[in-house]
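Structure assessment
Listed here are the chains, written in short residue letters.
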Amino acid sequence: MKPIGPLPPEFAGQKGALTIAGRDAETWAATAGDTPLFVYDSDIVAARVARFRTAFPAVDLHYAIKANPHADLLARIAPLVDGLDVASVGELEVALAVKPAAAISFAGPGKRDGELAAAIRAGATLNVESEGEAARALRQGEALGIAPRLAVRVNPDMELRGSGMKMGGRPSPFGVDAARAAALVQAIVAGGADWRGFHIYAGSQALSAEAVIETQAATLTLSERLAEEAGHVPPLVNLGGGFGVPYFAGDIPLDVERIGAALTAALARCDLTIAGTRYAIELGRWLVAEAGVYLTRVVDVKESGGEIFVVVDGGLHHQLAASGNFGTVVRRNYPIAVAARMGEAAEATVSVVGPLCTPLDRLGDRVALPRTAVGDLVAIFLAGAYGASASPAAFLGHPPATELVAPLSGS
Ligand SMILES: Cc1ncc(COP(=O)(O)O)c(C=O)c1O
């Protein structure tokens, strides 16, 4: 038997039928008309936003829509946050439908001229990732007769310690090395751009408050130094994010309040604050991961070589991350439950596998579950981030999963 991750607090104490946003899982499946499906509870997202606001009273909150770009969910999140961070023109278009362009920033290497022009025309901020990209953005702005809004993404000297995905402290396709960032700011300002500040993103999926505090402090120090070298005060310093969520057994939830207290104190001491700089934190999964549940129905229960396989109609084509094939080194089990038997004692050790013809399609590896029969709904938690949009939906031609946002409109 292998352990499963902890259920999010909103679901952890439930007994009997799984309830998501006040409706039981079977009712959600009936609303979708078929399985598999994702249900996103926007009230859970709103609760995370409220928690952030209390912990970080002096910091703007940006939502990195790559975590979950579903249009209906985004429409609920947009009014709650100060900005949206996008990573493509596709995401830019979705974001422009729900937020003014001035509150949208576009990061990511390899932006083509047409993509730079689209952002400049719209009035979004481009987080430039290299000197070459900055020069091309200035040329596009000139051609359009618009001073482009440009922020400099800095590849910081430090990494986010203990993060699942490190994006600093090493050679990187993301951002300009810190040693050259001030010169780039000067070139951008001289080139007539509307310089918006720095974007400094050091890593993702961190569960250590200490590591985040350390990284934020180093980011502030770096921003002060770069501002001084450049001779310009940044209007905004995007401090990155990296707030992680507990996916696996033994993961401890991030102590966000501790980070907030440390950052509030650090900002009060920072010269840039006195000079009028604003600060932002950009978060994806911490806002949405725990709000999503993936529901899939048992099609077959079979035995092979003494092991029981629960075969469900959903799999890695919808929820790649739960199969362990999206950025994890060692495959571990996401929290999983039989939706009708929450809180019941385990009866057997089973592997929950999907319908794809590959051994990678495994949503639960030797997990202890209550009685599980054909027709039961199985729930995989932590499905609100990097689920439907980060999975190879076209692989093997199975239908896509339905995505529903709770509360349902009009209810
Ligand atoms: C620049 C940037 N911002 C935000 C995110 C969102 O990360 P997370 O969902 O872990 O908060 C990422 C993740 O890769 C990123 O690269």
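Residues numbered from 1 in each chain as written. Predicted model: local features only at pLDDT ≥ 70, side-chain atom pairs only at ≥ 80, totals over all residues. Heavy atoms only, no water.

Concerning the domain arrangement of the chain
- The domain architecture assigned to the chain consists of domain 1 (9-40 + 289-406) and domain 2 (69-283).
- Distance from the C-alpha centre of domain 1 to the C-alpha centre of domain 2: 34 Å.
- The interface of domain 1 with domain 2 comprises 13 residues on the first partner and 9 residues on the second.
- Taken together, the two surfaces of domain 1 and domain 2 that pack against each other cover about 1100 Å², and 67% of this comes from carbon and sulfur.
- The largest share of the area that domain 1 buries against domain 2 comes from Arg-332, Tyr-334 and Val-405, three residues that together contribute 39% of it.
- Joining domain 1 to domain 2, the criterion identifies 0 salt bridges.
- Across the contact surface, domain 1 and domain 2 share 0 residue pairs in polar contact (both at pLDDT 80 or more). (Domains from an automatic or database assignment. Contact = heavy atoms within 4.5 Å. Buried area = accessible area lost by both parts, 1.4 Å probe. Salt bridge = Lys/Arg side-chain N within 4 Å of Asp/Glu carboxyl O. Polar contact = N/O pair within 3.5 Å; in protein donor to acceptor, adjacent residues only side chain to side chain.)

Quick look at the environment of Ala-339
- Mapped onto the elements, Ala-339 comes out in the loop between β17 (336-338) and β18 (348-353).
- What makes Ala-339 buried here is its relative accessible area of 4%.
- Contacts of Ala-339, omitting those with residues within four sequence positions, involve Gly-16, Ala-17, Leu-18, Ala-25, Leu-377 and Val-378. (Helix = DSSP H or I, 4+ residues; strand = E, 2+ residues; numbered from the N terminus. Buried < 20%, exposed > 50% of the residue type's maximum accessible area, 1.4 Å probe, protein only.)

Thoughts on the site of the ligand
- Residues in contact with the ligand amount to 13 residues; listed here are only the nearest, Tyr-201, Glu-282, Gly-284, Arg-285 and Tyr-386.
- One nitrogen or oxygen atom from the side chain of Tyr-201 is found 3.0 Å from an oxygen atom belonging to the ligand.
- In the environment of the ligand, a nitrogen atom lies 2.4 Å from a nitrogen or oxygen atom belonging to the side chain of Glu-282.
- Coverage of the ligand by the protein amounts to 94% of the 390 Å² it exposes when considered alone.
- Applying the majority rule of atoms within 2 Å of the grid points places the ligand in the largest pocket. (Near = heavy atom within 4 Å. Areas by Shrake-Rupley, 256 points an atom, 1.4 Å probe, with all protein chains shown as cover. 1 Å grid on protein atoms, 1.4 Å probe; cavity = no way out; pocket = protein on both sides within 12 Å on 5 of 7 lines; lining within 4 Å. Sits in = over half its atoms within 2 Å of the grid points.)

Examining the pattern of salt bridges
- Counting across every chain of the model gives 19 salt bridges.
- The partner of Arg-366 in a salt bridge is Asp-365, and the shortest N-O contact between them spans 3.3 Å.
- Each member of the salt-bridge network shares a partner with another, and the members are Lys-2, Arg-362, Asp-365 and Arg-366.

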